[in-house]
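Given next are the chains, with one letter for each unit.
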Amino acid sequence: AAGAYYILTTGSDSNTGTANTAGGAWLTLQHAWNVLVSLDLVGQTVVINIGAGTFTGGLGITLAPTGGTITFIGAGATTIISTTNATCITNYQTNCSVVFENMTLQTTTTGECMLVNGIGTVLILGAGITFGACADRHMYATNGGTIAVQNNYTISGSAVAFHHYADAGGVITLTGSLTVTVSANVSFPYGFAYVTGGGSLYTSSNTYSLGGHTVTG
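Residues take numbers from 1 onward in each chain, read along the sequence in its written order. With the structure being a predicted model, the display of local features is reserved for residues of pLDDT at least 70 and the display and counting of side-chain atom pairs for 80 or more, all residues being used for whole-chain, interface and lining totals. Hydrogens and waters are ignored; side-chain quantities use all the structure's heavy atoms.

1. Observations concerning a nonpolar patch on the surface
Step number 1: Put simply, a patch holds well-exposed residues, over 30% relative accessible area, that have no salt bridge, with like charges counted together within 9 Å and Val, Leu, Ile, Met, Phe, Trp or Tyr side chains within 5 Å. Methods summary: accessible areas were calculated by the Shrake-Rupley approach with a probe of 1.4 Å, and residue burial reflects only the protein chains presented. Salt bridges are identified by distance alone: a Lys or Arg side-chain nitrogen within 4 Å of an Asp or Glu carboxyl oxygen. A surface patch of nonpolar side chains, about 230 Å² in accessible area, is lined by Tyr208, Leu210 and Val215.
Step number 2: Runs of H or I in DSSP of at least four residues are treated as helices and runs of E of at least two as strands, each being numbered from the N terminus. With respect to the secondary-structure elements, Leu210 resides in the loop between strand 22 (207-209) and strand 23 (215-216).
Step number 3: Categorising residues by exposure relies on relative accessible area from a 1.4 Å probe, with only protein chains included: less than 20% of the type maximum marks a residue as buried, more than 50% marks it as exposed, and the intermediate range marks it as partly exposed. When its relative accessible area of 35% is taken as the criterion, Leu210 is described as partly exposed.

2. So, the sheet that holds strand 5 (residues 69-73)
Step number 1: The strand order across the open sheet built from eight strands is 1-2-5-8-11-14-17-21, with neighbouring strands paired in parallel fashion. Because the sheet does not close on itself, it has two edges, and the strands there are strand 1 (4-7) and strand 21 (200-203). The mean inter-strand angle of the sheet, taken between neighbouring strand axes irrespective of direction, is 15°.
Step number 2: Pairs of strands are assigned from DSSP output, requiring at least two bridges between the strands. In this sheet, strand 5 lies alongside strand 2 (residues 45-50) in parallel orientation, the contact comprising five bridges. Its bridge partner lying in strand 5, Ile48 is registered against Phe72. Axis definition: a line fit to C-alpha positions, over the contact stretch in the case of helices; interaxial angles, taken between N-to-C directions, run 0 to 180 degrees.

3. Observations regarding the sheet that holds strand 20 (residues 191-195)
Step number 1: Spatially, six strands are ordered 4-7-10-13-16-20 in an open sheet, and the strand pairing comes out parallel. Bordering the open sheet on either side are strand 4 (59-61) and strand 20, each of which pairs with just one other strand. The average undirected angle you get between the axes of adjacent strands in this sheet is 5°.

4. Comments concerning the packing of aromatic side chains
Step number 1: Only the six-membered ring of Trp is used, alongside the rings of Phe and Tyr, when aromatic pairs are assigned; centres must lie within 6.5 Å, and planes under 30 degrees apart are stacked while those over 60 apart are edge-to-face, with the rest tilted. According to the stated counting rule, one finds eleven aromatic pairs in the structure shown.
Step number 2: Seen from their ring centres, Phe162 and Tyr190 are 5.9 Å apart, and the 45° between their planes marks the pair as tilted. Of the two residues, Phe162 sits in strand 16 (residues 162-167) while Tyr190 sits in the loop between strand 19 (186-187) and strand 20, which places them 28 residues apart along the sequence.
Step number 3: Judged by relative accessible area, Tyr190 falls into the exposed class, the value being 60%.
Step number 4: Following the ring pairs from residue to residue traces out a cluster consisting of Tyr140, Phe162, Tyr165, Tyr190 and Tyr194.
Step number 5: Its end group placed over the ring of Tyr140, Arg137 keeps NZ or CZ at 4.1 Å from the ring centre. Distance and angle both matter: a charge sits over a ring if NZ of Lys or CZ of Arg is within 6 Å of the ring centre and within 35 degrees of the ring normal.

5. Concerning the nonpolar core
Step number 1: The biggest cluster of nonpolar side chains holds 48 residues, and the ones touching the most others in it are Phe72, Phe100 and Met114.
Step number 2: Working rule for contacts: check all heavy atoms of both residues, and any pair within 4.5 Å makes them a contact. Once residues lying within four places of it in the same chain are set aside, the contact partners of Phe100 are Leu59, Phe72, Ile89, Met114, Leu123, Ile124, Leu125, Gly126 and Ile129.
Step number 3: One finds Leu115, Tyr140, Phe162 and Tyr165 within the second-largest nonpolar core, a separate group that totals five residues. Think of a nonpolar core as a cluster: buried Ala, Val, Leu, Ile, Met, Phe, Trp, Tyr and Cys residues, connected wherever their side-chain atoms sit within 4.5 Å.

Structure follows, in structure tokens:
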């Protein structure tokens, strides 16, 4: 049946992940993924609920789920995935789609917020995503990978390089008359959006709500 699992800052990867308590929840996104891709999901969508707090471990997707899909849902902007010298969420040459909702993504020193690399690799932005300060690029699609933005999102921090970056056949899409809210003064020294080497950026009928803030780049 469709299942629900839990990740908390007070959890442990030795738990079962099936209860929203310190004694039942997992601690890391990576462990949650590793457990679920070892199962047959029999056509179901499995939801991984992430509690409030800061999680310093990112997610590297290198194996696809069997027979179903996985969605990560945070508690809102207070669910913070914050990595150092690493990308928050990576789908590396793995033919699957993964949905993320209601969380803040940020990196320090090096690392993208979201990276897809390879044909068939897809990351989907659902509701309530916030991009905080980033040491490289907020969204990076390469080698035929796709980042599909399907709901409104917020930019609360600058990126050392770009907000959108697509190269080598990578695709970034923003569709459905979305609203991108800028909640602070932000800068993108090399450009807000950059497309090269056969990459693509599709954006149409969207609204950029600055609220008096400045965007440089």
